[in-house]
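Geometric and topological summary
As a plain string of letters, each chain reads:
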Amino acid sequence: MTLPTFFEMLNTLVGSPSVSSLSSELDTSNRAVIDHLANWLHDLDFDVDVLASSDDWKFNLVARKGRGEGGVLLSGHSDTVPCDPDLWTQSPFSVKTDDSKYYGLGTCDMKGFFPVVLEVVQQFKESQLGRPIAVLVTADEESTMAGARHIATNHPIFADIAVIGEPTDLQPIFAHKGIFVARIRTVGKSGHSSNPTLGVSALEDMYNAIREIMAFRTELQRSNNDSVFAVPVPTLNLGCLHAGDSANRICGQAELLIDCRILPGMSTTEVVSRLEEQLMAIGSKMDSDIEFELVMPPIEPFKTPSSSRFIQLMEKLSGRPSGTVAFGTEAPFLQQMGIETVIFGPGSIDQAHQANEYLSLAQIEPAKRALSQLIHEYCCK
Ligand SMILES: [Zn+2]
């Protein structure tokens, strides 16, 4: 079977909205994207499984061609972030090109990776393959990573190495930090400001909580360092604070959101529970109640040793030194399945999550070449 052209495939995928959002008004199913990819992979003689990720709304796809153990996994997410069509100069849901760029929602992050994958894998006949080629397409990467989480827990994939085609401008990425976002709330009692005994100030107790959080951060940064990152220490940002309603009322409630980014080798679960314990300990000395909760499931840090054969080969194939990025990906879930993972894909993260998102055509052929050579190296007899 022959595939549609690159443009036709990309236009079909971009034309099938698959927005992930924690807000249910914006969230859409990714079924259409999964079905198109399932059909094309099926036409290329892949065994294709479409697996429900959550309810009958979100789906993952696992496809495989070739027998034997190990092999290469090519992985990407089917969803996009929401968009504001008013900020676009064209419809976000159809692909426009000016001969150097493809414009459209998800062209770079990361629907554009799939036509690359399809054109690469179509070159390999089953009889050439001593080890399999696998393809994973996930749901909900942009919101909760529920798709990759579901695969790692319920349908583990066996492969030697994996490439996640997130936009890295074709630089091999071997590490990123882990991330968690937490909400801390203090609940006091409001009352007239003229008499402090009429209430309990949640804002003053939040001040104590913030001092504790900053001391926790100092300790984290004192004992953890990894020079592969531009910011070599864990970070903890006090991102937003809402408290009280009026100067002449005792503040009854305060709420703080923090974002914490930790290094490979650290565990988000452990950092989260230590921070929560410390806050509960000072909370027991406060008059306000204190609450701590994660806003969404944390992303673990990820690192493949940059000296590994795989990363060395990716450096050779891309002609670029490997590096690190500041954003989280599904790599920790692939690592959890025992797969050595690199992040490497066409397009720039600078264009991701932006109006008039685009993919440079100039990166498509080099991406295809590097992935073809990788498959030759790891899968062919
Ligand atoms: Zn992405």
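Predicted model, so just to flag it, every value in this text is computed and none were measured.

1. Remarks on the coordination of the zinc ion
Protein coordination at the zinc ion: the donors are His-77 (NE2), Asp-109 (OD), Glu-166 (OE) and Glu-166 (OE), at 1.9 to 2.7 Å from the metal. With 4 donor atoms in place around the zinc ion and angles of 54 to 142 degrees between them, the coordination shape is irregular. For the zinc ion, the donor residues sit on a single chain with the sequence spacing H-x31-D-x56-E. You can see Asp-109 sitting in helix 3 (residues 107-111) and its partner Glu-166 sitting in the loop between strand 7 (161-164) and strand 8 (173-176), a full 57 residues away along the chain. Each member of the pair, Asp-109 together with Glu-166, is buried.

2. Topic: the domain arrangement of the protein chain
Annotation of the protein chain at the domain level lists domain 1 (6-176 + 301-379) and domain 2 (178-294). In this structure, domain 1 and domain 2 have C-alpha centres spaced 36 Å apart. At the interface, 10 residues of domain 1 touch 10 residues of domain 2. Where domain 1 abuts domain 2, roughly 670 Å² becomes buried across the two surfaces, and 67% of that area is made up of carbon and sulfur atoms. At the boundary of domain 1 with domain 2, the tally comes to 1 salt bridge. Between Asp-226 and Lys-303 there is a salt bridge, with the nearest N and O atoms lying 3.0 Å from each other.

3. Topic: the packing of aromatic side chains
Taken as a whole, this structure holds 5 aromatic pairs when the rule is applied. Between the aromatic rings of Phe-310 and Tyr-378, the centroid separation amounts to 6.1 Å while the plane-to-plane angle is 80 degrees, which identifies the pairing as edge-to-face. In this pair, Phe-310 is assigned in helix 8 (residues 309-318) and Tyr-378 in helix 10 (residues 364-379), connecting sequence segments 68 residues apart. Tyr-378 shares its class with Phe-310; the two are buried. A network of ring pairs unites the aromatic residues Phe-6, Phe-7 and Tyr-102 as a single cluster. Its end group placed over the ring of Tyr-358, Lys-101 keeps NZ or CZ at 5.0 Å from the ring centre. The positively charged end of Lys-177 is found above the aromatic ring belonging to Phe-229, 5.6 Å away from the centroid.

4. Re the side chain of Glu-141
With respect to the helices and strands, Glu-141 occurs in the loop between strand 6 (133-138) and helix 5 (146-154). Within polar-contact distance, the side chain of Glu-141 engages the side chain of His-77 at 3.3 Å. Every residue in contact with Glu-141, bar those within four places of it in the chain, is listed here: His-77, Asp-79, Glu-166, Gly-328, Thr-329 and Glu-330.

The rules behind these values
Residues numbered from 1 in each chain as written. Predicted model: local features only at pLDDT ≥ 70, side-chain atom pairs only at ≥ 80, totals over all residues. Heavy atoms only, no water. Donors = N, O, S within 2.8 Å, 3.2 Å for Na, K, Ca; no water. Tetrahedral: all angles 85-135°; square planar, octahedral: opposite > 155°, others 65-115°. Helix = DSSP H or I, 4+ residues; strand = E, 2+ residues; numbered from the N terminus. Buried < 20%, exposed > 50% of the residue type's maximum accessible area, 1.4 Å probe, protein only. Domains from an automatic or database assignment. Contact = heavy atoms within 4.5 Å. Buried area = accessible area lost by both parts, 1.4 Å probe. Salt bridge = Lys/Arg side-chain N within 4 Å of Asp/Glu carboxyl O. Phe/Tyr/Trp six-rings, centres within 6.5 Å; stacked < 30°, edge-to-face > 60°. Lys NZ or Arg CZ within 6 Å of the ring centre and 35° of its normal. Polar contact = N/O pair within 3.5 Å; in protein donor to acceptor, adjacent residues only side chain to side chain.

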